Number of protein chains: 2
Amino acid sequence: MMRDDLPGRLAALIGPDHVLTGDAMAPYAFDWRRRQESRPLAVLRPGSTAEVAAITRLCAQDRVPLVPQGGNTGLVGGTVAIPGMGSLILNLGRLNRVRALDPADHTLTAEAGCVLADLQAAAAAADRYLPLSLGSEGTCMLGGALSSNAGGILTLRYGNARDLVLGLEVVLPDGRVWNGLRTLRKDNSGYDLKHLFLGAEGTLGIITAASLKLYPRPRQVETALVAVPDPAAALALLGLARTGTGDSLSAFELMPRFTFDGSRDILGREQDPLAEPSPWYVLMEAGSGMAGPLLRRQVEAVLETALEQGFVTDAIFADSLEQTRKLWLIRESLPEIGRKIGGAVHTDISVPVSRIPDFVATTLAAVAAYMPGIRPYPFGHVGDGNIHFNVGRPAGMDTAAYLAHAPAIAGLIHASALAHGGSISAEHGIGNLKAGEMVRIKDPVELDLMRSLKELLDPTGIMNPGKMLPPS
Amino acid sequence: MMRDDLPGRLAALIGPDHVLTGDAMAPYAFDWRRRQESRPLAVLRPGSTAEVAAITRLCAQDRVPLVPQGGNTGLVGGTVAIPGMGSLILNLGRLNRVRALDPADHTLTAEAGCVLADLQAAAAAADRYLPLSLGSEGTCMLGGALSSNAGGILTLRYGNARDLVLGLEVVLPDGRVWNGLRTLRKDNSGYDLKHLFLGAEGTLGIITAASLKLYPRPRQVETALVAVPDPAAALALLGLARTGTGDSLSAFELMPRFTFDGSRDILGREQDPLAEPSPWYVLMEAGSGMAGPLLRRQVEAVLETALEQGFVTDAIFADSLEQTRKLWLIRESLPEIGRKIGGAVHTDISVPVSRIPDFVATTLAAVAAYMPGIRPYPFGHVGDGNIHFNVGRPAGMDTAAYLAHAPAIAGLIHASALAHGGSISAEHGIGNLKAGEMVRIKDPVELDLMRSLKELLDPTGIMNPGKMLPPS
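Residues numbered from 1 in each chain as written. Chains lettered and ligands numbered in written order. Predicted model: local features only at pLDDT ≥ 70, side-chain atom pairs only at ≥ 80, totals over all residues. Heavy atoms only, no water.

It is worth spelling out helix α15 (residues 444–457) of chain B at this point. Since one α-helical turn is 3.6 residues long, residues separated by three or four positions face the same way. Between the first and last C-alpha of α15 of chain B there are 20 Å, a value that for 14 residues agrees with the 20 Å anticipated at 1.5 Å per step. Val 445, Glu 446, Leu 447, Leu 449, Met 450, Leu 453, Lys 454 and Leu 457 of chain B are the residues of α15 of chain B that are buried. At its buried positions, α15 of chain B is contacted by β9 (177–180), α6 (194–197) and α15 (444–457) of chain A together with α6 (194–197) and α14 (435–441) of chain B. (Helix = DSSP H or I, 4+ residues; strand = E, 2+ residues; numbered from the N terminus. Expected span 1.5 Å × (residues − 1). Buried < 20%, exposed > 50% of the residue type's maximum accessible area, 1.4 Å probe, protein only. Contact = heavy atoms within 4.5 Å.)

A complete count under the given rule lists 56 salt bridges over all chains for this structure. We note a salt bridge from Arg 264 of chain B to Asp 261 of chain B, for which the minimum N-O separation is 3.5 Å. With Arg 264 of chain B and Asp 261 of chain B both in helix α8 (residues 258–267), this residue pair falls three residues apart, about one helical turn. For Asp 261 of chain B, a relative accessible area of 24% gives the class partly exposed. Taken together, the shared-partner salt bridges connect Arg 257, Asp 261, Arg 264, Asp 265 and Asp 272 of chain A into one network. (Salt bridge = Lys/Arg side-chain N within 4 Å of Asp/Glu carboxyl O.)

Each side of the interface is counted separately: chain B has 81 residues, and chain A has 81 residues. Across the chain B/chain A interface, buried area totals approximately 6700 Å², and carbon plus sulfur atoms make up 57% of it. Looking only at chain B, the three residues that lose the most surface to chain A are Lys 186, Asn 188 and Tyr 191 of chain B, adding up to 16% of its buried area. If you look at where chain B meets chain A, you find ten salt bridges. Note that Arg 182 of chain B and Glu 446 of chain A form a salt bridge whose closest N and O atoms lie 2.5 Å from each other. Applying the counting rule to chain B against chain A returns 41 residue pairs in polar contact (both at pLDDT 80 or more). Secondary-structure elements contributing two or more residues to the side of chain B that touches chain A are α5 (155–158), β9 (177–180), α6, β11 (215–216), α7 (231–244), α9 (294–309) and α15 of chain B. Looking at the side of chain B that touches chain A element by element, the count peaks at ten residues for α15 of chain B. For the side of chain B that touches chain A, the class distribution of residues is 29 nonpolar, 32 polar and 20 charged. (Buried area = accessible area lost by both parts, 1.4 Å probe. Polar contact = N/O pair within 3.5 Å; in protein donor to acceptor, adjacent residues only side chain to side chain. Nonpolar A, V, L, I, M, F, W, Y, C, P; charged D, E, K, R; others polar.)

Attention now moves to the sheet that holds strand β1 (residues 19–20) of chain B. Within a sheet, adjacent strands bond to each other through the backbone by hydrogen bonds, running parallel or antiparallel. With mixed pairing, four strands are arranged side by side in an open sheet as β1-β2-β4-β3 (chain B). Of all the strands in the sheet, the pair left with one neighbour each is β1 and β3 (66–69) of chain B. (Pairing = 2+ DSSP bridges.)

As a further point, take the nonpolar core. Formed by 94 residues in total, the largest nonpolar core has its most connected members in Leu 146 and Leu 168 of chain A together with Leu 146 and Leu 168 of chain B. Those residues in contact with Leu 146 of chain A that sit more than four places away from it in its chain are Ala 161, Val 165, Leu 168, Leu 198, Gly 199, Ile 207, Ala 210 and Leu 212 of chain A. (Core = buried A, V, L, I, M, F, W, Y, C linked by side-chain atoms within 4.5 Å.)

Two measures describe an aromatic ring pair: the distance that separates the ring centres and the angle between the ring planes. Residues and elements named next belong to chain A. Tallied over the entire structure, the rule returns 16 aromatic pairs over all chains. Ring centres 6.2 Å apart and planes at 0° place the aromatic pair Tyr 377 and Phe 379 in the stacked group. Accessibility assignment for this pair places Tyr 377 and Phe 379 in one class, buried. Three or more aromatic residues joined by ring pairs make a cluster, and in this case those are Tyr 129, Tyr 158 and Tyr 215. The lysine or arginine in question, Arg 296, covers the ring of Phe 317, its NZ or CZ lying 4.0 Å from the ring centre. (Phe/Tyr/Trp six-rings, centres within 6.5 Å; stacked < 30°, edge-to-face > 60°. Lys NZ or Arg CZ within 6 Å of the ring centre and 35° of its normal.)

So, about helix α9 (residues 294–309) of chain A. All names here are of chain A. With 16 residues, α9 extends 23 Å between its outermost C-alpha atoms, agreeing within 8% with the 22 Å of an ideal straight helix rising 1.5 Å per residue. Every buried residue of α9 is accounted for by Leu 295, Arg 296, Gln 298, Val 299, Val 302, Leu 303 and Ala 306. All buried residues of α9 project into a common sector of 165° when viewed along the axis, lining one side. Exposed and facing more than 90 degrees away from the buried side of α9 are Arg 297 and Glu 308. If you follow the buried residues of α9, they end up packed against β12 (220–228), α7 (231–244), β14 (280–288) and β15 (314–317). Note on α9: the residue one or two positions beyond its end, Gly 310, has a positive phi of about 85°. (Arc of directions from axis to C-beta.)

Residue and element names in this part refer to chain A. Along its sequence, chain A is carved into domain 1 (6–91), domain 2 (98–216) and domain 3 (218–340). When the two sides are added together, the surface that domain 2 and domain 3 hide from each other amounts to roughly 830 Å², 59% of it contributed by carbon and sulfur. One salt bridge connects Asp 127 with Arg 219, and the closest N-O pair in it is separated by 2.8 Å. Class assignment of the residues belonging to the side of domain 2 that touches domain 3 gives a composition of five nonpolar, no polar and two charged. (Domains from an automatic or database assignment.)

Residues and elements named next belong to chain B. Summarising burial for strand β13 (residues 249–256): eight of the eight residues are buried, a large majority. Two elements, β13 and strand β14 (residues 280–288), share seven bridges in a ladder whose sense is antiparallel. Directly across from Glu 253, in β14, lies its bridge partner Leu 283. Sheet topology places β13 next to strand β18 (residues 375–381); two bridges connect them, and they run antiparallel. By the bridge assignment, Glu 253 is partnered in β18 with His 381.

What follows covers the relation of the copies chain B and chain A. Screw-axis analysis of chain B against chain A gives a translation of 0.0 Å along the axis, an RMSD of 0.0 Å, and a rotation angle of 180°. Such a combination of rotation and displacement between the chain copies is what one expects of a two-fold axis. Residue His 195 of chain B of chain B places its C-alpha closer to the rotation axis than any other residue of that unit, at 3.2 Å. Comparing interface residues between copies, 100% of those in chain B also sit at the interface in chain A, which points to an isologous, same-surface contact. (Least-squares fit on C-alpha atoms with pLDDT ≥ 70 in both.)

So this is what it looks like as structure tokens:
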């Protein structure tokens, strides 16, 4: 636990104003989903990589656990200080400089505490595009997005967060700094170390800065809401659209009818722009660096073909920025409905794209059989095989009574995903929420490799203990 | 060294026909560039992952070094059996099955010994595209391409080999099999282990199979040879072309005038299709999943803008497959010229894309100052910052006398690349050719991490010793 002189020694390293205790910790010591307690000894807000390194060195010597934290928007408890562990939260928010932006090189080098939306804006100001976009982009920070290998709505075209990274600066668990901040597109001069830290949830080191790929800024974007009879038709449309738009499809989100009925009944919002109800919908978006009418014509041709072949029954384009916003608002109403329902089981699974129809049908049947009246509303980034298969309580059922079934319902959904060659965590990560389950289902060889890497890099076990891997 | 009963025990594992000794080893026991000797104790040709695992287990017990080998087309000695080490070459050529190809999922799962061109053909037969293309694609195998993180001509758009990998099957240095053959686009359920083995040149384990991303097949391809005044103009054209074609640019190769003069003087081949000589050229290619005249119009518009702005002085399109072949033959004449010159220093550097003009100018001056009459011909994948800065001997100079200067000349070029934030190995890897130099220039923290990983995964040191990391 905390030695008596630790606060003073930390204050000497980073200044007393940046060692928060008591009520001052409140903005940092909570779980985004409010499901867990977060009880740090103190919250540290260092101002530089050197300060992060100094803190880490001290904590390694004293065996004080460190919980790295960015915008604290994670959904699996990755940035909470587990009660009783005597951890320090290491908030990176003051490391918020853009160190370099080179438009000709299409690269951006920024510190871990930069807010994602600010980096998107910095790229746009240089006529470039940072294609990482998630619901929390106004709050989440670069370091957290990379440590959790964030996904989001653009991965179909641009990949996950790790795919945008050219180089990293990392403070290792012993306080040494690895300066791997390269901006090279090709570099085969050694093992690729950056992928060890990307997606490791701060359990192997602390990402303090990163060099990212930028892209040409899309000058033409087409957004359409499309009614489809079933997920199989959505997949057929996906194939047509990838080919027919020259692979310029950037988002492809599947939504059930519940999106509209739930909006009406639960949020009091009528937002269906189509004449007839459909069991399923796709919100698709394509972008091009070329302004002009061509992309629209391509998407229209795709939809016409799909209509003829019966994969699509109706569609509407956004013809203004306002309409684009409204179409996206439909998609965004789904998490909102979940919050309003109160009792809802959230999952974040992925399966191979081609297995989505079977996965959705099988899993819908399994949860309906488990509890009559249950309200499943699977939706998500179907172009990546990533479905948030969420399930609301039956109307009128007591929330607490329903949530007592949450582990069993999530278990059904996870088992179905695994049976379809899938994953129990597509984009949200493991944190402490799924660490126990991950260990139970993981291939033993893979788990052994993970544990070996953890022991190699963090022999004192101070880096975000209890996250990703439960204590063995 | 080899225990007396080892050949018999190996034969018992994989069959006596697949344990080659003596002259039968000749097709496998050589260095592609014929610069090194390769002296294995035997060449093993297992037929399955289980057989690879059994061999590896035996070799770990007996401490017999293993050199994994695919098509043996590497350029840095990664697949030679270093004389005196008593190694076995483990050739993966018999693991050559396509295990799965799912067009709807856009994935392909294949074994390490599949020839790259065969996999390209298998994808094309399913109306899909495997966007990994290199000079050696008719001979090189998947396992080698992944173990060396191959680059090639399509990385500008599709990334390096590692970027195409969704999952791996790996035999670990103790003979255990890690089955990480997933086909998920998003999976955050643990550390990302595959990147440890990708690009590790067989020093951390043996890749036996991989799941790869496929893409929509391009239906329209436009290829153009463009005359540019200098590398800075080439970069300006690159920016225009990425934006103006909706980022559908797949190749962007810089070539010096020497390409044509050298072809004429050294290969006896007149192949300049343009009216006036230019100091520099770009061979560019854009592809689209949409057939039709649009892509051509986009590229034409880009070139017209570039002409007006002075970045381009002339250009010619390929109007037939035959003309496309001829334009690419110009690019391919450069390695051919190098072989004919006899004395030529080959390098494989990368720098940030925006630093190419300064790097090229500085390095041309440095090598010219080193030796009058020297014939540098930097060329390559300039869209990725990857330049093969090759340097031929002065006309008339004795080849052996020139090659005595090769280390010094390569040293000048590497020093310049490093001074420009670059790498001494962009796409060819380290092998044993660059292992010593890599260790000298590597950041000590990074080198220490590399050595730690090697010791963790391969504690007996049997995996391709002397490659990537020299014995410490």
